[in-house]
Amino acid sequence: MAKMTALICRECGKEYPTEALHVCELCFGPLEVKYRYEDIKGRMSKASIQDGPMSLWRYKDLLPIEGHPAVGLHAGMTPLVHAKNLGAFLGLDELYVKNDCVNHPTLSFKDRVVAVALTRARELGYETAACASTGNLANSVAAHAAQAGMQCYVFIPSDLEAAKVLGNLIFRPKVVEVEGTYDDVNRLCSEIAGERRWAFVNVNIRPYYAEGSKTLAFEVAEQLGWRAPDQVVVPMASGSLLTKIWKGLHELCLVGLLRSVRTKVNGAQAEGCSPIATAFKNGRDFFKPVKPSTIAKSLAIGNPADGYYALKTATESGGSMESVTDDEIKEGITLLARTEGIFAETAGGVTVGVLQKLVKRGLIKKHDVTVAYITGNGLKTQEAVVDSVGRPFRIPPSLAKFEHTFGRQGAA
Ligand SMILES: Cc1ncc(COP(=O)(O)O)c(C=O)c1O
Ligand SMILES: [Zn+2]
C-alpha cells in the first residue's frame, strides 16, 4: 500500500492527489505530503535504517517517492561533528555541527531536496528540471539534471557570487540571470511554470522537494544515538528548512524511533534580509516583506514562502530567532574555520553568529545538546572573506630566506 496518501492543504485540510500540485484551489494555502504513519511504523526500525545506504535514502520510507530512488543516490549522511573547540569558546559542553558543507555533489544541503524532488519529478514523467534559486539550489539542480540526463533551466538573480555562477555553467544547463532580486526570479518562474511542463523543483514540485529537508532531522537524531537535540539553530531563507527539521523530528516519534521531542527550534537570518526574525522579535505572527541587502546572498529572500510557518514553529517549540550584521557573518565564518577547521559559506556565518547571540542571551545553556546547521560551503562565497583572511608569505625557494622570515629552529 502507498505510504504517501495525499497532498493536503496546510490551511483548510483539503486533500489532493499526489501529483505536481502545490497550491490549494479553495484557499490558496500551500500543500504538503500526507503519509500513512501506522504502515511506515511497521516497516521502519533502527536496524533497518542502519542496514540502509549511507545516504539520505536510508530514510526512504519517510520520503515522498513511490518507487526506488533514481536521482541523487549519494546525497546526505554528512558528518555530525562534536564541535568541542567552538563549544569551549562559547561555553557549551555539547555543541554539534551538522556539516552539509560536504554534501554530495554540490556542497550544500540543497543536494537533499533536489535528490528527492527530481526522483519524484521522474516518477511524474518530467523530462525538464528547473528552479528559482539564490545560488545553491541552482547548482544542485544543474548537477543532478546532468547526471539524470534531464534538460535543465536554472533561474538566478544577476548579482550572485562567481563560484555559484560557474557552479551552474559547468553542468551545461540554460542559466538565466534575471535582473532583479530572488523574489523577482521566483515570480517569473511561477509564471513560466504555468506555461510549460517543466519540473520547477521549488514551484510545482515544492511539496515533494521540501520533504528532503527532513533528512537533516533524521540523520542528526540517528547520529546522536537516537536522541533529539535540546536546541537547533537553523538558517532561514524561505523558512522551509526550519519547518521541515521540526516535522522530521516529530515523524520519528510517530514511527516509534524517538520517545519524545523537546527540541527548541531557533531561526537565523542576516540583518540585511530578516523579515522572519524581525517579526519574531516584534512578537508578530506575520512578516513584512523586505528588499534584501546582505552578503548572505543564499538567504536573501525578502518575501519568504514559509515565513509564517517558520514563525509558528519557533514559537511552538519554545525556540527563538535572531539576526546578525554582515560583519558578524564574516566573524562567524572565521570563528568556525579557526576552531573547527570547517569553511562555511555566508549562511554558516549567519548560523554561528546567531548561535553566539542566543548563548549570550542565555537562551542556549551550557548543558544543552545543541546542533548548529551549517548548510553550505565557503569556497562558493569567497568574496565575503577575501579581504579579511590576510595574504600568504611569499619567499624565494631558499632556507635562509625561510629562516629569515620565521626564525631558526630552536630560536626563541
Ligand atoms: C546554504 C543555505 N542554507 C540555508 C538556506 C535556507 O533554506 P530555506 O529556503 O529552506 O529556508 C538556503 C536557501 O537557499 C541555502 O542556500
Ligand atoms: Zn486550502
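Residues numbered from 1 in each chain as written. Chains lettered and ligands numbered in written order. Predicted model: local features only at pLDDT ≥ 70, side-chain atom pairs only at ≥ 80, totals over all residues. Heavy atoms only, no water.

Caption draft 1: Here's a closer look at the overall build of the chain. When helices and strands are counted, the chain shows 15 helices and 13 strands. What you see for the chain is a C-alpha radius of gyration of 21 Å, in line with the 22 Å of a compact globule of 412 residues. With the principal axes as the frame, the chain shows a C-alpha extent of 75 × 45 × 45 Å. Going through the 412 residues of the chain one by one, you find that 56% of them count as buried. Contacts in the chain between residues far apart in sequence, at least 24 positions, make up 70% of those at least 6 positions apart. Here the chain has roughly 17700 Å² of accessible surface; of this, 51% comes from carbon and sulfur atoms. Averaging the positions of the 48 positive and the 44 negative side-chain charges in the chain gives two centres separated by 3 Å. (Helix = DSSP H or I, 4+ residues; strand = E, 2+ residues; numbered from the N terminus. Rg over C-alpha atoms; globule rule 2.2 N^0.38 Å. Buried < 20%, exposed > 50% of the residue type's maximum accessible area, 1.4 Å probe, protein only. Contact = heavy atoms within 4.5 Å. Areas by Shrake-Rupley, 256 points an atom, 1.4 Å probe, with all protein chains shown as cover. Lys, Arg positive; Asp, Glu negative; His and termini not counted. Charge placed at Lys NZ, Arg CZ, Asp CG, Glu CD.)

Caption draft 2: Geometry of the coordination of the zinc ion (ligand 2). Coordination of the zinc ion (ligand 2) by the protein involves Cys9 (SG), Cys12 (SG), Cys24 (SG) and Cys27 (SG), with metal-donor separations of 2.3 to 2.4 Å. Bound by 4 donor atoms, the zinc ion (ligand 2) shows angles of 97 to 119 degrees at the metal and therefore tetrahedral coordination geometry. Between consecutive donors of the zinc ion (ligand 2), the numbers of intervening residues give the motif C-x2-C-x11-C-x2-C. Overall, Cys24 belongs to the buried group, its relative accessible area being 1%. (Donors = N, O, S within 2.8 Å, 3.2 Å for Na, K, Ca; no water. Tetrahedral: all angles 85-135°; square planar, octahedral: opposite > 155°, others 65-115°.)

Caption draft 3: Looking closely at the sheet that holds strand β2 (residues 15-16). Pairing is antiparallel across the open sheet formed by 3 strands, whose spatial order is β2-β1-β3. What marks the edges here is a single partner per strand, and that holds for β2 and β3 (31-35). (Pairing = 2+ DSSP bridges.)

Caption draft 4: Representation of the domain arrangement of the chain within the structure. Here the chain is described as being made up of domain 1 (1-35) and domain 2 (80-106 + 210-384). Put simply, the middle of domain 1 and the middle of domain 2, counted by C-alpha atoms, are 27 Å apart. Of the residues lining the interface, 6 residues belong to domain 1; the matching set on domain 2 comes to 9 residues. Linking domain 1 with domain 2 are 3 salt bridges, by the criterion used here. With a closest N to O distance of 3.1 Å, Asp306 and Arg10 form a salt bridge. There are 6 residue pairs in polar contact (both at pLDDT 80 or more) connecting domain 1 and domain 2. (Domains from an automatic or database assignment. Salt bridge = Lys/Arg side-chain N within 4 Å of Asp/Glu carboxyl O. Polar contact = N/O pair within 3.5 Å; in protein donor to acceptor, adjacent residues only side chain to side chain.)

Caption draft 5: Spatial organisation of the pattern of salt bridges. For the structure on display, the rule yields 26 salt bridges. In this structure, Glu32 engages Lys244 in a salt bridge whose closest nitrogen and oxygen atoms are separated by 3.6 Å. With a gap of 212 residues between them, Glu32 in strand β3 and Lys244 in helix α10 (residues 240-254) connect regions that are remote in the sequence. Asp306 is paired through a salt bridge with Arg206; the nearest N and O atoms lie 2.7 Å apart. Of the two residues, Asp306 sits in the loop between α11 (275-281) and α12 (307-317) while Arg206 sits in helix α8 (residues 206-211), which places them 100 residues apart along the sequence. Taken as a pair, Asp306 and Arg206 share a single burial class, namely buried. Among the charged side chains, a network of salt bridges with common partners joins Glu32, Glu211, Lys214, Lys244, Lys247 and Glu251.

Caption draft 6: Focus on the packing of helix α13 (residues 326-340) against helix α14 (residues 346-360). At a minimum axis distance of 7 Å, the contact between α13 and α14 shows a crossing angle of 90 degrees. Taken as axis vectors, α13 and α14 run roughly perpendicular relative to one another. Along the contact surface, α13 presents Glu328, Ile329, Gly332, Ile333, Leu335 and Leu336, while α14 presents Thr346, Gly349, Val350, Val352, Gln356 and Lys357. (Axes fitted to C-alpha atoms, helices over the stretch in contact; angles between N-to-C directions. Parallel < 35°, antiparallel > 145°, perpendicular 65-115°, else oblique.)

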